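Survey of secondary and tertiary structure
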Amino acid sequence: MTLTQEPQVVLFKPQGSIDLQGGLALTEQMTQAGSQPHQLWVLDLAEVDFMDSSGLVSLVKGLTSARQLGCRLMLCNVQTPVRLILELTQLDSVFEIFDSYEEVLTLVNNSSFALVS
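Criteria and cut-off values
Residues numbered from 1 in each chain as written. Predicted model: local features only at pLDDT ≥ 70, side-chain atom pairs only at ≥ 80, totals over all residues. Heavy atoms only, no water. Axes fitted to C-alpha atoms, helices over the stretch in contact; angles between N-to-C directions. Helix = DSSP H or I, 4+ residues; strand = E, 2+ residues; numbered from the N terminus. Parallel < 35°, antiparallel > 145°, perpendicular 65-115°, else oblique. Contact = heavy atoms within 4.5 Å. Nonpolar A, V, L, I, M, F, W, Y, C, P; charged D, E, K, R; others polar. Buried < 20%, exposed > 50% of the residue type's maximum accessible area, 1.4 Å probe, protein only. Pairing = 2+ DSSP bridges. Expected span 1.5 Å × (residues − 1). Arc of directions from axis to C-beta. Polar contact = N/O pair within 3.5 Å; in protein donor to acceptor, adjacent residues only side chain to side chain. Salt bridge = Lys/Arg side-chain N within 4 Å of Asp/Glu carboxyl O.

Angle between the axes and distance between the axes: these two values describe a pair of packed helices. Where helix 1 (residues 20–32) meets helix 2 (residues 53–68), the closest approach of the two axes is 8 Å, and the angle between their N-to-C directions is 10°. Relative to helix 2, helix 1 is oriented roughly parallel. On helix 2, the residues that touch Leu20, Gly23, Leu24, Leu26, Thr27 and Met30 of helix 1 are Ser54, Ser58, Leu59, Lys61 and Gly62. When the residues that make up the contact of helix 1 with helix 2 are grouped by side-chain class, the tally is 5 nonpolar, 5 polar and 1 charged.

This paragraph deals with the pairing of strand 4 (residues 40–44). Most of strand 4 is tucked away: 5 of the 5 residues are buried. Alternating positions in strand 4 separate into two faces, Leu40, Val42 and Asp44 on one and Trp41 and Leu43 on the other, with burial throughout. Two elements, strand 2 (residues 9–13) and strand 4, share 4 bridges in a ladder whose sense is parallel. Note on strand 4: the bridge partner recorded for Val10 is Trp41. Across 5 bridges, the pairing between strand 4 and strand 6 (residues 72–76) is parallel.

Most peptide bonds take the trans configuration, and most residues that are not glycine carry a negative phi. Unusually for a residue other than glycine, Asn77 sits at a positive phi of about 55°. Accessibility expressed as a relative area gives 17% for Asn77, which makes it buried. In the Ramachandran plot, Gln90 falls in the positive-phi region, its phi being about 60° despite a non-glycine side chain. Summarising the element assignment, Gln90 is placed in the loop between helix 3 (80–88) and strand 7 (96–98).

With 16 residues, helix 2 should cover 22 Å at 1.5 Å per step; its first-to-last C-alpha distance of 22 Å lies within 8% of that length. Taken residue by residue, helix 2 has Gly55, Leu56, Ser58, Leu59, Gly62, Leu63 and Ala66 as its buried positions. All buried residues of helix 2 lie within an arc of 160° about the axis, which places them on one face of the element. In helix 2, those exposed residues whose orientation departs by more than 90 degrees from the buried face are Ser53 and Gln68. Close packing links the buried residues of helix 2 with strand 3 (15–18), helix 1, strand 4, strand 5 (47–51), strand 6 and helix 3. For helix 2, the capping residue at the N-terminal end is Asp52, with a side-chain oxygen 3.0 Å from the backbone nitrogen of Ser54.

A few words now on the pattern of salt bridges. Within this structure, the stated rule accounts for 1 salt bridge. Salt-bridge contacts for Glu96 lead to Arg72; the nearest nitrogen and oxygen are separated by 2.4 Å. Here Glu96 is found in strand 7, whereas its partner Arg72 is found in strand 6, with 24 residues between them in sequence. Residue classification places Arg72 among the buried positions, given a relative accessible area of 13%.

Read these as layout, nothing more, since geometry by itself doesn't imply function.
Encoded structure:
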């Protein structure tokens, strides 16, 4: 998993499967990010080809953590198998999902977003 931090954006790039083991690693990364309030957390799922219920738990925990810290969590590059899981569980209406990381950056650079506390 890759973690990149910029002053305003924290980028998480998990790889492979977000199952029990991958989900725990993702949760740990999000916990250790030591985020400052009003940052944007971006979860780039371009290299994730599988997610199970344990992975969903990790995503929801990440969303909860981000909100508690006054941050905002967005998903991008969601692959079809993962998108299907999000749609079946109706979590696609809970998460902000973008087609690409560039689309997220465009939103940030246009400053047309507000963080929810």
